[in-house]
Amino acid sequence: QVQLVESGGGLVHPGGSLRLSCAASGRIFRIPFMGWYRQAPGKQRELVADIADDGSTNYVDSVKGRFTISRDNAKNTVHLQMNSLNPEDTAVYYCHQEIESEAGPRYSYWGQGTQVTVSS
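Thresholds, definitions, all that
Residues numbered from 1 in each chain as written. Predicted model: local features only at pLDDT ≥ 70, side-chain atom pairs only at ≥ 80, totals over all residues. Heavy atoms only, no water. Phe/Tyr/Trp six-rings, centres within 6.5 Å; stacked < 30°, edge-to-face > 60°. Lys NZ or Arg CZ within 6 Å of the ring centre and 35° of its normal. Helix = DSSP H or I, 4+ residues; strand = E, 2+ residues; numbered from the N terminus. Contact = heavy atoms within 4.5 Å. Pairing = 2+ DSSP bridges. Axes fitted to C-alpha atoms, helices over the stretch in contact; angles between N-to-C directions. Disulfide = S-S within 2.5 Å. Buried < 20%, exposed > 50% of the residue type's maximum accessible area, 1.4 Å probe, protein only.

1. Side note on the packing of aromatic side chains
Scanning all chains against the criterion turns up one aromatic pair. Sitting over the ring of tryptophan 110, arginine 45 keeps its end group 4.8 Å from the ring centre.

Spelled out as structure tokens, the structure:
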């Protein structure tokens, strides 16, 4: 079985920075996609950023130039560096990884969620 463990959320002032991390463990052969979603109160979950195993990235417009997604394939870990945070970034952030086990199909896995609060 595969498990995702997130870390790095918290409370930060507007203009501040946070770094989220998500490590996958278990029977893993390949991780084609890693990403971060977020869900604010009363809103739908939205994709924030994702990164493919070839390093290509995709960002929602509202975070371009402020957030950077990266991955460490040796550690099955994805990071989200968040700079210039503003109150609109307040949400629960969820890690998402599409993982293939050895000679098996691709499955979608989610982290437990980590709260990010931007407030003065």
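2. What to know about the environment of arginine 27
Relative to the elements of secondary structure, arginine 27 occurs in the loop between strand E3 (18–25) and strand E4 (30–39). Taking the C-alpha atoms as reference points, arginine 27 and glutamine 3, separated by 24 residues in sequence, lie 9.4 Å from one another. Those residues in contact with arginine 27, other than ones at most four positions away along the chain, are Gln1, Val2 and Ser101.

3. A look at the sheet that holds E3
Paired through their backbone hydrogen bonds, the strands of a sheet run either parallel or antiparallel. Taking strand neighbours across the sheet as the criterion, the four strands line up as E1-E3-E8-E7 in an open arrangement whose pairing is antiparallel. Only two strands of the sheet have a single partner each, and these edge strands are strand E1 (3–7) and strand E7 (67–72). Neighbouring strand axes in the sheet, compared pairwise and without regard to direction, differ in orientation by 15 degrees on average.

4. Brief notes about the pairing of E3
As judged from the five bridges shared by E1 and E3, these two strands associate in the antiparallel manner. Note that in E3 the partner of glutamate 6 across the bridge is cysteine 22. Here E3 pairs with strand E8 (residues 77–82) via six bridges, running antiparallel. Paired with alanine 23 across the strands is threonine 77, a residue of E8.

5. Some words on the state of the cysteines
This structure, assessed with the given rule, holds one disulfide. Across the disulfide, cysteine 22 is cross-linked to cysteine 95 (sulfur-sulfur distance 2.1 Å). Residues cysteine 22 and cysteine 95 are joined by a disulfide whose S-S torsion is about -80 degrees; by sign, that bridge is left-handed. Of the two residues, cysteine 22 sits in strand E3 while cysteine 95 sits in strand E9 (residues 91–100), which places them 73 residues apart along the sequence. For the pair cysteine 22 and cysteine 95, one class covers both residues: buried.

These results come straight from atomic positions and should not be treated as a statement about function.
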